[in-house]
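Commentary on secondary and tertiary structure
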Amino acid sequence: MSQFMVEFILPEETTEEFIAKVPRQRLKINQLMEKGKITSYSLAADRSKLWCVIKAENEVEVMEILAEFPLIGFMQATVSELMFNNTATAVKLPLYSLN
């Protein structure tokens, strides 16, 4: 299984339709994170871009996952396959006892 970085460009102005779909988007992201399909999901402070890392067999599967996003019609997505994606949770450090 490969990992893909998806960068989304968000609309400059949000409409009522966009805002109404945000709760459904968050629910879908949470479901995909619970299934292990999405490993990270980040929003730029200025709300212009969104990034997520998706685990999938290929780019076609990534596109199928993105098609499930309630907000996909409002975003421009760029998909890049990752060689690796190091995260703090991937590194297991031994726990130290304070005794």
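Notes on the structure in this doc start here. As the structure is a prediction and not an experimental result, all values here were calculated from the model. The numbers attached to residues start from 1 for each chain and follow its sequence in the written order. Given that this is a predicted model, residues contribute local features only at a pLDDT of at least 70 and side-chain atom pairs are listed and counted only at 80 or more, while totals for whole chains, interfaces and linings are drawn from all residues. The side-chain figures draw on all heavy atoms in the structure; neither hydrogens nor water molecules are used.

**Notes on helix α1 (residues 16-34)**
Worth spelling out the cut-off: To qualify as a helix, a DSSP run of H or I must reach at least 4 residues; to qualify as a strand, a run of E must reach at least 2; elements of each kind are numbered from the N terminus. Expected span of a helix, by definition, is 1.5 Å for each gap between consecutive residues, and there is one gap fewer than residues. Axes are fitted to the seven residues ending at a residue and to the seven starting at it; the angle between these axes is taken as the bend at that residue. Residue burial is assigned from relative accessible area. The probe radius is 1.4 Å, only protein chains are included, and a residue is buried under 20% of its type maximum, exposed over 50%, and partly exposed in between. By definition, residues are in contact when any of their heavy atoms lie within 4.5 Å.
End to end, α1 covers 28 Å across 19 residues, agreeing with the expected 27 Å (1.5 Å per residue, within 8%). At Val 22, α1 shows its maximal kink, close to 35 degrees; a proline, Pro 23, follows between one and four residues later. Phe 18, Gln 25, Lys 28, Ile 29 and Leu 32 are the residues of α1 that are buried. Tucked inside the fold, the buried residues of α1 contact β2 (38-43) and α2 (59-67). Gly 36 sits one or two positions beyond α1 and adopts a positive phi of about 80 degrees.

**Describing the environment of Leu 71**
Looking at where Leu 71 falls in the secondary structure, it is placed in the loop between α2 and β4 (76-82). Note: C-alpha distance between Leu 71 and Gln 25 (46 residues apart in sequence) is 6.4 Å. Beyond its immediate chain neighbours, meaning those up to four positions away, Leu 71 contacts Phe 18, Lys 21, Val 22 and Gln 25.

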